Every structure is written in C-alpha cells, then in structure tokens.
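Examining the three-dimensional arrangement
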Amino acid sequence: MTRPARMHDVTDETRHIVDLVLNYSRQRLLTDDNPLDKPLPPAELARLAGVTINEKGIGAQKALGVFEHVLAPACITTDDPRYLSFIPSAPSKAAAAFDLVVSASALYGGSWLEGAGAVHAENEVLRWLAGEFGLPATAGGVFVQGGTLGNLSALVAARETARERGIRPDRWRVVCSAEAHSSIASAARVMDVEVVTVAPDAGGVLHGDAVRTALEEHGDSVFAVVATAGSTNFGIVDDIASVAEVTRELGVWLHVDGAYGLAAALSPEARHYFAGLEHADSLIVDPHKWLFAPFDACALLYRDPELGRRAHTQHAEYLDTLTETSDWSPSDFAAHLTRRARGLPLWFSLATYGAEVYREAITASITLAEQIAAEIESRDELELVRRPQLSVVVFERRGWDKADYTTWSNRLLDDQHAFVTPSSHGGRTNARFAILNPRTRFEDLVGILNTMG
Ligand SMILES: *Cc1c(COP(=O)(O)O)cnc(C)c1O
C-alpha cells in the first residue's frame, strides 16, 4: 500500500483546507462585535453537532461549518468587553494572529537544539519581565501552560533547594495567605505537603509579622512562603516587602504568585503595590490574563534559574544529547517536557507595539475599576465589599440572597448582555467585575449596574 498523501502533501485539497481555515481566522480576528454566546446542554449540543467522526471524514467545509455554527456559538466569547467573570482574556490582535504562526511553523519550544530561535525570543520577553519586576539580569525561567503549573514548578524547585541544604523534616510545609489562590493547595496535594494558611488583615493583605509567627512555629519544615500579587477574588496585593524581610532573615524561599495581578507592576500608577518584589526567589505572571496573550501561557521566573533546572531536568537515554550540554532548554525549568513555544505570541505583540501601550492599557483598567467603584458607592442599593487596588471590583446588592444573584447572572447571559457570575466572601454572595479588557467601557459597566435596580 502506498502512503496516503491526503493529510500531509500540498495538494489542491490542502490549499482548500488552508484557505478555509485562514479565511475563518481572518474574519474572527477582524470582527469586534462577536456575540457573547453561551453553553448548551450536552444532549442539545450532541444533536446539533451530529456525528462528525467516521471512516471517510466529513470534509473540511462541513467540519468548519459545524464549528462555526454549532460549536463556537456554544463557547462564551472570553474576549468580549462585557465578559467580566473569573479572569477574562483579551489577546491583542498581534498576539492572537501570531498564534497561528506558532502552529503553522511546527516550532518546538522544549530545547535549544531544536528551537533556539524561538527560545531566544521567549527569553528576551522573560528577561524584560524580570527587569520590570526588579529581578537580577541573571534571572530566567520558562513559559508554562498556566499559573497552576507555574506555582507547582516553583514550589517543587523551592523544596528541592531546601532538600539540597540537608533539611529533612517529617512533613514539608508551605505558608501562604488564607486568601491565596486554590492552585497553591492543588500544588501541595500533588507534592504531598501541608499548607499553613496565615490570616491576612481585614483588607485581605498578608503581612510579614503574621508570616513570622507561622515560620517560628514550624521552623525549617517550611520550604517556601507564597505571597499573592493580586488575589483572584479581589485583586489585593500582599505586603511583599514585609513578607520578604522575614523570608530573607529566616532563609526561606519567597514565591510570588502574580498570575493575574503582577501585570500591574508595568503600570507606573500601580508599581508601588509591589514593593519588595525584587526579593522574590521565584514568581509567576500569566500573559493569558492581563498581558494580552492568547491561552495558554504563564511566565515562570526564578531568581537563580539553576535551582529550577536542578529540580526539573528529566534524564533519559534518548535525552542525553540535550541534557549533557549547558544549552538553555526550556523543558528543564518546570514539570513538563514537550512544549509549545507559547511565549511567542507575547513576544511578537510586545515587539510590534512596544511596552508603553501595555502600560497604558493596564493603567486604563485600573482607572476604570476606580471609576466604577465610585459609581457603586454612589448608589444606595449597592455596597462595595472592598476598595479595589487593581482591577477587580466586588460589591453587594442590598437585600439580595444567593438565588437573586444567580437569577440576575443567568438573565444577563441569556439576554447576551454580559457575563458576570456571582462570587462570595465570608459566606456572603456578591457580584464581581474583573476588568482587564481594554475594550470594556464605563458605560458597559453602568449598564450592568442598572440591571440590579
Ligand atoms: C489564575 C490564577 C492562578 C492559576 O492560573 P491558571 O493559569 O488558571 O492555572 C494562580 N494564582 C492566581 C493568583 C490566579 O489569579
């Protein structure tokens, strides 16, 4: 049997497929009034989509039709300016477009041997970020899939470093705020270590004195302290400077989880919140959140990348040719091996537009959060839960219970008006705007407040 040529050769069919896909992508990238869309029940979706996989294929035109008319409309448009739940996505046009190039070029981002050019560009971005954050020029790391994997990889390196110092506690511990992200607990489960949560102050800020108490209680069983640079629920930044003072004095690794909020360190208006960041032993920030890159990318940085490499390099006979050199191979710096050069869309976008417009876009969202917070305070029926620091605004509608918030939220989505899911704090349900899309306007937010009358 001769090899089938259909899938890999450049034929008329191939040209047709590529044109279809690029035309669709082009149109999607150049449209800014896509509907918000919403999920469908599984049975309805199955009925509408039909069977698409069989022995002979249904052809690109039909498959793309199913995607365009059935599947895509069942996916919420995460870059819609009125998507305000969780953490929205807002890839720049250059970043989103360049993601196509990353795929088209079959780049491999795991090793210097295979992907030196891509790795060079990713490293330029990482070095630039390190400089913005006050880390030394020798800092380095890797773009991983997301903040969860970034936090895990940093904490594994932290524990490995404590182990190398000869520490052998019965149980390893990591200290973080009670308001730290759930991915810290997830990492601890994977690592089989204990999380010691420390109470932040009433405003949600973790301080060094509380960390000191925990470290004194648990001694050198604590291999890392995690400070949160922008909590996901409130966008509140821990008092990194006072935490760093304690970790430096006691010789404990400081990891800064800035998956959402650390992007704000690029804004001259917000830089002051991150004082002390320069003392981090490791940190993360997700470009797929507030650095306008497409899913999925987390920048993981180590002050001393050698510690990351020692903790994570995989050794195998077939990999010896990669690991027996001093080449910079991104695979060596996290719990992964094969990797997409997922830092490149951010590289291309930064190179295209320059850093200034990033600073302006981030600052604009912080300003918008302040403006809508003031509007909320001016309305009798609404109450701010906390004054925003960055770009998350959390508020309550007086007299509403959980069911009221749920009904309201469902109606907003059913009407294709906005996507705002309820959140909660201290057992009380609330509404939450996570604002980072530069296309979100004050009027969009006021329009949503008006539906809570
Ligand atoms: C989003 C977030 C994470 C997790 O990042 P993923 O990319 O979703 O895995 C971790 N920490 C904080 C503070 C976050 O906001």
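Preceding block: the structure.
Taking strand neighbours across the sheet as the criterion, the seven strands line up as β1-β7-β6-β5-β4-β2-β3 in an open arrangement whose pairing is mixed. Each edge of the open sheet is held by one strand with a lone partner, namely β1 (140-144) and β3 (194-198). Between one strand axis and the next, the sheet turns through 20 degrees on average, direction left out of account. Where strand β6 (residues 282-285) meets strand β7 (residues 298-302), four bridges bridge the pair, whose relative direction is antiparallel. Bridging across to β7, V285 finds its partner in A299. Along the sheet face, helix α8 (residues 208-218) touches β2 (173-177), β3 and β4 (222-228) and points at about 145 degrees away from the line of β3.

Topologically, R26 is positioned in helix α1 (residues 12-29). According to the relative accessible area criterion, R26 is exposed, its value standing at 55%. Sequence-wise, R26 and A97 are 71 residues apart; in three dimensions their C-alpha atoms are separated by 8.3 Å.

What follows concerns the site of the ligand. With respect to spatial proximity, 14 residues lie near the ligand, and among them G147, T232, D257, D286 and K289 are the closest. At a separation of 3.1 Å, an oxygen atom of the ligand approaches a polar side-chain atom of H288. K289 places a polar side-chain atom, nitrogen or oxygen, 2.9 Å from an oxygen atom of the ligand. The fraction of the free accessible surface of the ligand (380 Å²) that becomes covered by protein chains is 87%. Broken down by element, the residue count for the shell around the ligand peaks at three residues, all from helix α6 (residues 147-164).

This paragraph deals with helix α9 (residues 240-250). The set of residues buried in α9 consists of I240, S242, V243, A244, V246 and T247. On its buried side, α9 packs onto α8, β4 and β5 (253-257). Trailing α9 by a residue or two, G251 shows a phi angle of about 70 degrees, which is positive.

Take the side chain of S177 next. Note on placement: S177 falls in strand β2. In this structure S177 comes out as buried when scored by relative accessible area, which is 3%. If we ignore the near neighbours within four places in the chain, the residues touching S177 are T197, V198, P200, L206, V226 and D238.

Ranked by internal contacts, the top residues of the largest apolar core, which has 60 residues, are F274 and W290. Dropping the residues within four chain positions of it, F274 is found in contact with A229, V237, I240, G261, L262, A264, A265 and L390.

Here the focus is the pattern of salt bridges. Here the structure, examined in full by the defined rule, presents 23 salt bridges. In this structure, R309 engages E306 in a salt bridge whose closest nitrogen and oxygen atoms are separated by 3.3 Å. With R309 and E306 both in helix α11 (residues 305-312) and three residues apart, the pair spans about one turn of that helix. Residue classification places R309 among the buried positions, given a relative accessible area of 15%. Residues joined by salt bridges that share partners form a network here, namely R171, R173, D192 and E194.

Reading guide: rules and limits
- Residues numbered from 1 in each chain as written.
- Predicted model: local features only at pLDDT ≥ 70, side-chain atom pairs only at ≥ 80, totals over all residues.
- Heavy atoms only, no water.
- Pairing = 2+ DSSP bridges.
- Helix = DSSP H or I, 4+ residues; strand = E, 2+ residues; numbered from the N terminus.
- Axes fitted to C-alpha atoms, helices over the stretch in contact; angles between N-to-C directions.
- Contact = heavy atoms within 4.5 Å.
- Buried < 20%, exposed > 50% of the residue type's maximum accessible area, 1.4 Å probe, protein only.
- Near = heavy atom within 4 Å.
- Polar contact = N/O pair within 3.5 Å; in protein donor to acceptor, adjacent residues only side chain to side chain.
- Areas by Shrake-Rupley, 256 points an atom, 1.4 Å probe, with all protein chains shown as cover.
- Core = buried A, V, L, I, M, F, W, Y, C linked by side-chain atoms within 4.5 Å.
- Salt bridge = Lys/Arg side-chain N within 4 Å of Asp/Glu carboxyl O.

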